[in-house]
Amino acid sequence: MGKQLLEGKKGAIFGALDPNSIAWKVALKAHDEGAKIVLSNAPIAMRMGEIQKLGEEIGAEVIAADATSVEDLEALFSKSMEILGGKIDFVLHSIGMSPNVRKGKDYGDLNYDWFQKTLDISALSFHKVMQTLEKNDALNEWGSVLALSYIAAQKVFPDYSDMAQAKALLESIARSYGYRLGKSKKVRVNTISQSPTPTTAGTGVGGFDAFLSYADQMSPLGNASAEECADYCVSLFSDYTRKVTMQNLFHDGGFSNTGISAEVMENFRK
Ligand SMILES: NC(=O)c1ccc[n+]([C@@H]2O[C@H](COP(=O)([O-])OP(=O)(O)OC[C@H]3O[C@@H](n4cnc5c(N)ncnc54)[C@H](O)[C@@H]3O)[C@@H](O)[C@H]2O)c1
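Residues numbered from 1 in each chain as written. Predicted model: local features only at pLDDT ≥ 70, side-chain atom pairs only at ≥ 80, totals over all residues.

**Student:** It is not clear to me how the sheet that holds strand β7 (residues 248-251) should be interpreted in this structure. Could you clarify?
**Tutor:** Hydrogen bonding along the main chain pairs the strands of a sheet, whether they run parallel or antiparallel. Pairing is parallel across the open sheet formed by 7 strands, whose spatial order is β3-β2-β1-β4-β5-β6-β7. Either end of the sheet is taken by a strand with one partner, and the two such strands are β3 (61-64) and β7. Strand-to-strand, the axes of this sheet are offset by a mean angle of 20°, without reference to chain direction. Where strand β1 (residues 10-14) and strand β4 (residues 88-93) come together, 4 bridges link them in parallel fashion. Residue pairing across strands places Ala 12 opposite Val 91, the latter belonging to β4. On the sheet, helix α10 (residues 226-237) packs against β1, β4, β5 (139-149), β6 (188-194) and β7 and is oriented at approximately 165° with respect to β6. (Pairing = 2+ DSSP bridges. Helix = DSSP H or I, 4+ residues; strand = E, 2+ residues; numbered from the N terminus. Axes fitted to C-alpha atoms, helices over the stretch in contact; angles between N-to-C directions. Contact = placed C-beta atoms within 7 Å.)

**Student:** Got a minute to help me understand the site of the ligand in this structure?
**Tutor:** Around the ligand, the structure places 26 residues, and the nearest of them are Ser 21, Gly 96, Thr 199, Ala 201 and Gly 202. Of all elements in the fold, only α1 (22-32) and α8 (200-203) reach the threshold of two or more residues within the shell around the ligand. Considering each element in turn, the shell around the ligand owes the most residues, 3 residues, to α8. (Near = placed C-beta within 6 Å.)

**Student:** I would appreciate a short explanation of helix α7 (residues 163-185) in the present structure.
**Tutor:** Given 3.6 residues per turn, any residue in an α-helix points the same way as the ones three and four places further on. The end-to-end C-alpha distance of α7 is 30 Å, a good match for the 33 Å that 23 residues give at a rise of 1.5 Å each. Of all the positions in α7, only Met 163, Ala 164, Ala 166, Lys 167, Leu 170, Glu 171, Ile 173, Ala 174, Tyr 177, Gly 178 and Leu 181 are classed as buried. Positive phi shows up at Lys 186, right after α7, with a value of about 60°. (Expected span 1.5 Å × (residues − 1). Buried ≥ 20, exposed ≤ 12 C-beta atoms within 10 Å, placed from the backbone.)

**Student:** I keep staring at unusual backbone geometry and nothing clicks. Help me out?
**Tutor:** Despite not being glycine, Gln 4 has its phi angle at roughly 60°, a positive value. Mapping Gln 4 onto the fold places it in the segment before β1. Here Asp 137, not a glycine, exhibits a phi torsion of approximately 45°, which is positive. Asp 137 sits in the exposed class, given 11 other C-beta atoms within 10 Å.

**Student:** What is the right way to look at the pairing of strand β2 (residues 36-41) in this model?
**Tutor:** Counted residue by residue, β2 has 6 buried out of 6 residues, so it is predominantly covered. As defined by bridge partners, β1 adjoins β2 across 5 bridges and the pair is classed as parallel. Residue Gly 11 lies in a different strand from β2, and its bridge partner there is Ile 37. Two strands pair when backbone bridges link them, and β2 and β3 are joined in this way by 4 bridges, in the parallel orientation. Bridge assignment links Leu 39 to a residue of β3, and that residue is Val 62.

Written out as C-alpha cells, the structure reads:
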C-alpha cells in the first residue's frame, strides 16, 4: 500500500507497452497511491496483449487511441470521463517513436516523411492531447499534465537523430500550453527529462548499452530507474507540487550538471 497521495484522483496514462515501459511503472504506482486510471496505447500496441494484463491487475479500462489522431483522442477522453465518473486530474504522455531511428537512417540521409511522423507521434501528439482536453473541458482545476523528455533536446547525442528535435518541440509545447492551462484552469504542465532507461523505445537507440553505463558513471547519484521515474511522476500528480509548471525537470541523478566524473576520467588514465 502506498501513502494514498493520489486518493480520489482520476488519471489517463498513455504508453504502457510492456512491464519495462516507464508508463507501466507509473500506472502501478499511481494505482497503489489510490488513483483511478484509464490506460491507452496505439491500436497496434494492443495486439501484443500485454497492456490488457496490466489493466486487469489494477482494474483499469484499456482504450485504444492513436495519439496523433484528434478523433481517437476525443473518443478516448469522453469515454474516460464516463468510466472514471468525472473530469481528469492527471495525464501522462509517455509516447515516443522515430521511424528514422528504428530503421537506422543516418542523420545526413533522413527520410522527411518519417521525420514528420517522428514529430507528430513524439511531440505534436502532446499538443493534440492538451487541445482535446481543453476543448472538451475534460480537466479538473489543479490538475497535472506530464510528458517524458530526454536531454538530447539541449545537447547533442548523435544516435538520438530526429528524436532530439522531437524532444525540443515537446518541451516547448509544455511551456506554451502550460501558460495557457495555468491561466484558464490552474492546471500545471511539465516534462521530465529522464535518464536512459532500458525499455523498448530506449534500447532502440544505437549503442544503448554502452551509453547506459556512460550515463551511470557520469551521474553522481547513478542513473534514475523507471521505478524512480514513476515515484517522481506520482509526486508531480499529487497536491504537493501545485505551483510547479512550465518546467523541464531533470530526473537523471545529476548527469545534466556534471562536466566530468572521477570514474569517467579514470577510463582515460588507463
Ligand atoms: N527509455 C529511455 O531511455 C528514455 C529516456 C528519456 C525519455 N524517454 C521517453 O519516455 C517515453 C516512454 O518511453 P519508454 O522508454 O517507456 O518506451 P516504450 O517503448 O515502453 O514506450 C513508448 C510508447 O509509445 C507508444 N506509441 C508509439 N506510437 C504511438 C502512437 N501513435 N499513439 C500512441 N502511443 C504510441 C508505444 O506503443 C509505447 O507504448 C518516451 O517519450 C521516451 O522518449 C525514454
